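# Breakdown of the fold
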Amino acid sequence: MSSIIAVGESYQKFNPRAYLQNNYMPPRADFSSEDCVVPWKLRCLAEAFATGKIHGHTLIDIGTGPTIYQLLSACDHFEEIIATDYLAVNREVLRRWVQGEPDAFDWSPYIKHVCRIEGKGEQWKEKEKKLREKLKQILPIDVHQPKPLGSELCHPADAMVSTFCLEAVSPDWPSFERALQNITTLLKPGGHFLLIGALEESFYLAGEAKLSVVPVREADVKEALAKSGYQIHDFRSYVMPPGLKIGVDDVSGVFFAHAQKKPMA
Ligand code: SAH
Ligand code: ADE
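Let us look at the structure shown here. (Residues numbered from 1 in each chain as written. Chains lettered and ligands numbered in written order. Predicted model: local features only at pLDDT ≥ 70, side-chain atom pairs only at ≥ 80, totals over all residues. Heavy atoms only, no water.)

Okay, the environment of I141 next. Note on placement: I141 falls in the loop between β3 (135-140) and β4 (157-163). The sequence separation of I141 and E152 amounts to eleven residues, and the corresponding C-alpha distance is 9.6 Å. In this structure, I141 is in contact with I62, T84, D85, Y86, P148, L149 and L186, ignoring residues within four places of it in sequence. (Helix = DSSP H or I, 4+ residues; strand = E, 2+ residues; numbered from the N terminus. Contact = heavy atoms within 4.5 Å.)

Among the 22 residues in the neighbourhood of ligand 1, the closest are listed as Y19, Y24, Y69, D85 and T163. Within the backbone of G63, a nitrogen or oxygen atom sits 2.8 Å from a nitrogen atom of ligand 1. Residue T64 places a main-chain N or O atom 3.2 Å away from a nitrogen atom belonging to ligand 1. In the complex, 99% of the free accessible area of ligand 1, which totals 570 Å², lies under the protein chains. For the shell around ligand 1, the class distribution of residues is twelve nonpolar, eight polar and two charged. (Near = heavy atom within 4 Å. Polar contact = N/O pair within 3.5 Å; in protein donor to acceptor, adjacent residues only side chain to side chain. Areas by Shrake-Rupley, 256 points an atom, 1.4 Å probe, with all protein chains shown as cover. Nonpolar A, V, L, I, M, F, W, Y, C, P; charged D, E, K, R; others polar.)

Where strand β6 (residues 203-206) and strand β7 (residues 209-212) come together, four bridges link them in antiparallel fashion. What sits directly across from A206, in β7, is A209. Here β6 folds back onto β7, and the loop between the two strands holds two residues, one of which, G207, carries a positive phi near 75 degrees. (Pairing = 2+ DSSP bridges.)

Residues P26 and P27 are joined by a peptide bond in cis, for which omega reads 10 degrees. Here P27 is to be found in the loop between α2 (16-24) and α3 (37-50). Positive phi, normally seen in glycine, also occurs at F164, with a value near 55 degrees. Structurally, F164 can be placed in the loop between β4 and α7 (166-169). For E200, which is not glycine, the phi torsion reads 50 degrees and is therefore positive.

Our next topic: the site of ligand 2. Close contacts around ligand 2 come from Y19, N23, Y24, R28, K41, F164, E201, Y204, D249 and V251, and that covers them all. In this structure, a nitrogen atom belonging to ligand 2 sits 2.6 Å away from a side-chain N or O atom of E201. D249 places a side-chain nitrogen or oxygen 3.4 Å from a nitrogen atom of ligand 2. In isolation ligand 2 offers 260 Å² of accessible surface; the protein chains occlude 97% of this area. Of the residues forming the shell around ligand 2, the biggest block, three residues, is contributed by α2. Of the residues contributing to the shell around ligand 2, the split by class is five nonpolar, one polar and four charged.

By size, the foremost hydrophobic cluster in this structure holds 87 residues, and its most contacted members are Y24, W107 and Y110. Looking at this core, the element that brings in the most residues is α3, giving eight residues. Y110 has contacts with Y24, M25, A29, F31, V38, L42, Y69, L72 and F105, leaving out every residue within four places of it along the chain. (Core = buried A, V, L, I, M, F, W, Y, C linked by side-chain atoms within 4.5 Å. Buried < 20%, exposed > 50% of the residue type's maximum accessible area, 1.4 Å probe, protein only.)

Within the element layout of this structure, G63 appears in the loop between β1 (56-62) and β2 (78-85). Taking C-alpha positions, G63 is 4.6 Å from D85, a pair spaced 22 residues apart along the chain. Apart from the residues lying within four places of it in its own chain, the contact partners of G63 are T84, D85, T163 and C165.

Below you can see the structure in the form of structure tokens.
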């Protein structure tokens, strides 16, 4: 338990701007190459939603952080999107983007890229407006609590997304598995879950903060999903090319899983 407290303390120094700079600017965000990590993530998400299987009223994103890229393909398929994060600074960064405040991070290259790969001829401004309107709640969360949202969210969500959160906030493997079980209670039986995360990473930097990460392998993720009652529909991995190893973490790759919570027996 004390190590979960230590993780919480290490996040007090998390700097959203530095995190965005490290992971969501070039070279990691190079839209001219589909082999680059950011376009790879966006394609995984776009293709999952293009199956037409993932839709409903409410989608919840676990550990949204200061980023919205993970919601761009989702927003066409849900009435309402709930963002969540442990840190007030990240919830504030999100609020500023939703309200279109001038110093917000510029997600427009992401929105344009997603419109392009979805190939539906949607104008990027249209998508930006849609996501801003659908992002109706930005809630505090702690995935280490049996009820991660406290008393909020009485109805389980129709679908769930989580990117780079569980391994980055869990001090060890048992706590990753428990956190996955905790967030699974927020998803209705039969609901779809898109999970993206770091493979074999032990740390990442976000300004002054050096965050510890529990190193996970593909097989661990598959096993944890099965143990938490999911059926896996798609699983993909990306190998981090040498040119994207830029000293901000020691990640070896990225995984993407499309899973579905088994319906009640
Ligand atoms: N989803 C974003 C951010 C991931 S960084 C992305 O894809 O880049 C990890 C995030 O987990 C941070 O925003 C951090 O504030 C959040 N976090 C830290 N402790 C947490 C906890 N106990 N429960 C939920 N989220 C937590
Ligand atoms: N992208 C976002 N978060 C990341 C992390 N912790 N490691 C590698 N890539 C990331």
